[in-house]
Amino acid sequence: MHLNSFFTFSKPYHFLSISTIFTILWATALSVDQHFKPCNVGNCGNGPNISYPFWIANQQQSYCGLPNFEVTCDGKNPVVSISGDKYIIKDIFYSNNSLRLASKMLLNFDNSCPLPLHNFSTETTPFINSPSYADLFFFYRCTKNPKKFQTYSVSCASNSTHHSFAVFHIDILKHHNYSIDSCQSLVNAPVEGQDIRELLKMNFTDVLRKGFVLQWNQTYCNDCQRSGGSCLWVDNEFTCFCADKPHSRTCDDGFGTAAGSLLIITGLVFFIHKGLMKKRNKPTRTSSMLPTDLEKGYAHSGIKTFTYDELVQATHNFDTKREIGDGGFCTVYQGKLQDGRVVAVKRLYDHNHKREAQFMNEVEILTCLRHQNLVSLYGCTSRYCHELLLVYEYIPNGTVADHLYHERAIPKSLSWPTRMKIAIETASALSYLHASNVIHRDVKTTNILLDNNFCVKVADFGLSRFSPIDVTHISTAPQGTLGYVDPEYYESYQLTTKSDVYSFGVVLLELISSKPAVDINRNRHEVNLSTLAIAKIQSHTLDDLVDPELGFESDHQVRKMITEVAELAFQCLQNARETRPSMEEVLGALIGIQREDYDAKSAEELEIPAHEAVMLKASLVGEVNSAE
């Protein structure tokens with residue numbers, strides 16, 4: 001029989017043959033390994049269900065999880081051992097590879113003095129610290145009592161001659177010249193440290209009992225489970241056990257699975273039934289798949305176009321608990337990609353022409369720029385996606401504003417040398433932008449992110465603009481944030497790089513004063529920090545503006561540096577833009593101020609006379625100039 005005549009639907013027996021073939025093929029596809037049995041989900045009685053990569057000893061087979069993820073049941077509580085101590089698993093978040101733990105000892109409320117006795121470390125475990133992780137340091141049996149700064153008193157381990165206390169930042173002790181050697185022992189304990197200011201209001205035992213979050217690296221289990229498989233660890237490698245046979249990652253990682261076969265068979269019969277073997281229509285491309293020249297260029301710049309579903313999974317369906325920022329037109333979520341990278345996902349509220357323009361503008365600018373002090377863009381959704389989403393590297397330590405006067409602000413935790421470092425790195429990023437013909441247009445402390453080493457990452461380029469070469473300004477309606485916007489820009493509608501210089505001047509004032517750019521609780525004439533600061537500088541009362549924790553009154557060198565930075569900020573805040581320095585000049589001035597401090601300290605340490613220190617500095621400058 002000719003093939004074409006076989007698939008002719010005018011004769012009933014031909015259709016019957018197809019039905020018979022379909023039935024046979026369907027039965028064949030289902031004739032698979034019926035002995036397949038997935039690992040049962042475990043539970044100790046309290047707490048979360050235990051499944052891959054975890055497994056419960058004496059309840060589940062060891063192949064039901066990874067070797068280092070063994071859980072034991074301590075009564076009704078699931079427990080893991082880390083650094084010689086037992087930690088109760090309070091919750092497991094399989095969708096983002098994290099779990100919340102709390103010390104078993106600390107949850108024993110009969111213990112009147114539940115103190116950590118061993119240093120906590122994840123080095124020999126499969127876990128890594130989450131971005132919200134922080135250490136609370138316990139100092140035991142110290143001969144000196146740190147009375148001058150905020151600590152947790154550990155009275156149950158103290159007596160009339162020896163003191164015990166806990167503190168979040170050891171740097172605070174060093175800043176006050178506190179001798180750690182006066183203590184007999186030091187132990188670090190893990191805590192959830194996203195809002196340390198609130199934690200300081202609590203008892204230290206309550207802080208520890210809140211628990212903390214750890215993460216583990218990406219496994220293939222989510223993909224395996226979604227395809228109908230069970231995750232196992234067999235012969236020292238991950239195996240996805242499926243209804244037909246074991247697979248390396250998922251049950252649908254090829255067309256050899258039962259599900260794949262059934263899909264092909266069903267599709268084949270459908271096409272036969274519809275008579276489409278001879279007449280196929282081209283599939284219609286949906287708008288979300290339409291490529292643009294710009295999107296084609298993303299891949300060449302390392303920018304990935306993510307699907308909406310990928311980012312839903314990464315953010316646990318945009319869980320409100322994962323919100324790390326909320327702007328005027330977007331919300332930022334912490335997420336984790338399938339490759340294990342922790343990311344920040346910016347979700348724009350509206351998909352209108354204005355938001356799309358900002359979205360495309362930010363992508364276009366960050367695709368072209370690379371600098372160690374600019375946040376990296378990993379990717380985005382298509383501009384045609386029903387939601388506009390941008391994916392950045394995750395910067396864990398909040399913003400400069402957070403550390404100056406918001407939830408992360410702790411007295412003396414942000415020293416003057418650290419603030420100088422922040423100023424220089426921010427100026428470096430802005431100088432690079434201007435050299436690349438880009439105006440940021442929204443420079444402010446909430447757009448300056450910090451990593452755990454307080455290194456700067458300038459972010460948020462939604463309002464930024466490319467400035468054509470040899471063009472003095474861009475005519476555009478003023479945009480930006482109240483308190484930072486160049487007043488001449490307001491008047492003339494002419495945007496220049498000097499507008500960023502003005503905004504940076506406000507940032508310098510915030511670093512000096514630890515005050516926000518705008519505060520309606522201040523005097524009516526001092527609501528804007530720039531107005532307040534200019535008045536203080538002109539009246540020679542700078543000491544009224546400076547954060548008293550910076551040592552302005554007690555440290556001559558700090559006083560000199562702050563005064564010079566304040567003078568530089570004053571130049572940046574001039575109303576006439578032509579009288580303001582360029583960003584390159586600002587950067588050079590800041591480096592010079594820092595270098596003077598280093599020169600002075602070096603001379604002091606080496607006991608070099610003042611006149612010789614001046615000659616040494618001149619010599620060094622000469623060497624630098626000749627090298628350039």
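Quick caveat, the model's predicted, so the values are computed rather than measured. (Residues numbered from 1 in each chain as written. Predicted model: local features only at pLDDT ≥ 70, side-chain atom pairs only at ≥ 80, totals over all residues. Heavy atoms only, no water.)

A. Quick look at the overall build of the chain. Looking only at helices and strands, the chain has 18 helices and 26 strands in total. In the chain, buried positions account for 46% of the 628 residues. In the chain, of all internal contacts separated by at least 6 residues, the share reaching a separation of at least 24 is 60%. Per element, the accessible surface of the chain, about 32400 Å² overall, is 52% carbon and sulfur. (Helix = DSSP H or I, 4+ residues; strand = E, 2+ residues; numbered from the N terminus. Buried < 20%, exposed > 50% of the residue type's maximum accessible area, 1.4 Å probe, protein only. Contact = heavy atoms within 4.5 Å. Areas by Shrake-Rupley, 256 points an atom, 1.4 Å probe, with all protein chains shown as cover.)

B. How the structure looks around the nonpolar core. Ranked by size, the top nonpolar core spans 78 residues in total, and within it Trp416, Phe504, Leu508 and Leu590 carry the most contacts. Formed by 28 residues, the second largest nonpolar core is a distinct cluster that contains Leu99, Trp216, Cys224 and Phe238. (Core = buried A, V, L, I, M, F, W, Y, C linked by side-chain atoms within 4.5 Å.)

C. Local environment of unusual backbone geometry. Pro53 follows Tyr52 through a cis peptide bond whose omega is 10°. Mapped onto the elements of the fold, Pro53 is located in the loop between helix 2 (12-30) and strand 1 (55-56). Not every positive phi belongs to a glycine, and Ser83 is a case in point at roughly 55°. Mapping Ser83 onto the fold places it in the loop between strand 3 (77-82) and strand 4 (85-93). Phi is positive for Phe454, close to 60°, though the residue is something other than glycine. Note on placement: Phe454 falls in the loop between strand 22 (448-450) and strand 23 (456-458).

D. Focus on the environment of Ser83. Residue Ser83 is classed as partly exposed on the basis of its relative accessible area, which comes to 28%. A C-alpha to C-alpha distance of 7.0 Å links Ser83 and His118, two positions 35 residues apart in sequence. A polar contact of 2.9 Å, which involves the side chain of Ser83, links it to the backbone nitrogen of Ser121. (Polar contact = N/O pair within 3.5 Å; in protein donor to acceptor, adjacent residues only side chain to side chain.)

E. Highlighting the side chain of Arg580. The residue Arg580 is located in the loop between helix 16 (556-572) and helix 17 (583-606) in this model. For Arg580, a relative accessible area of 3% puts it in the buried group. Among the polar contacts listed, one links the side chain of Arg580 to the backbone oxygen of Asn575, at a separation of 3.1 Å.

F. Geometry of the packing of aromatic side chains. All told, the structure shown has 18 aromatic pairs when counted by the stated rule. With a centroid separation of 6.1 Å and an interplanar angle of 35°, the aromatic rings of Tyr308 and Phe318 are classed as tilted. You can see Tyr308 sitting in helix 9 (residues 308-314) and its partner Phe318 sitting in the loop between helix 9 and strand 16 (323-326), a full 10 residues away along the chain. Its relative accessible area of 19% is what places Tyr308 among the buried residues. Residue class for Phe318 comes out buried when judged on its relative accessible area of 6%. Every member of this aromatic cluster is reached through a ring pair, and the members are Phe54, Phe69, Tyr94, Phe127 and Trp216. Just above the ring of Tyr378 sits the side chain of Arg341; from NZ or CZ to the centre is 4.5 Å. In this structure, Arg347 packs its charged tip against the face of Phe318, placed 3.9 Å from the ring centre. (Phe/Tyr/Trp six-rings, centres within 6.5 Å; stacked < 30°, edge-to-face > 60°. Lys NZ or Arg CZ within 6 Å of the ring centre and 35° of its normal.)

Take it as geometry only, folks, not as evidence of what the structure does.
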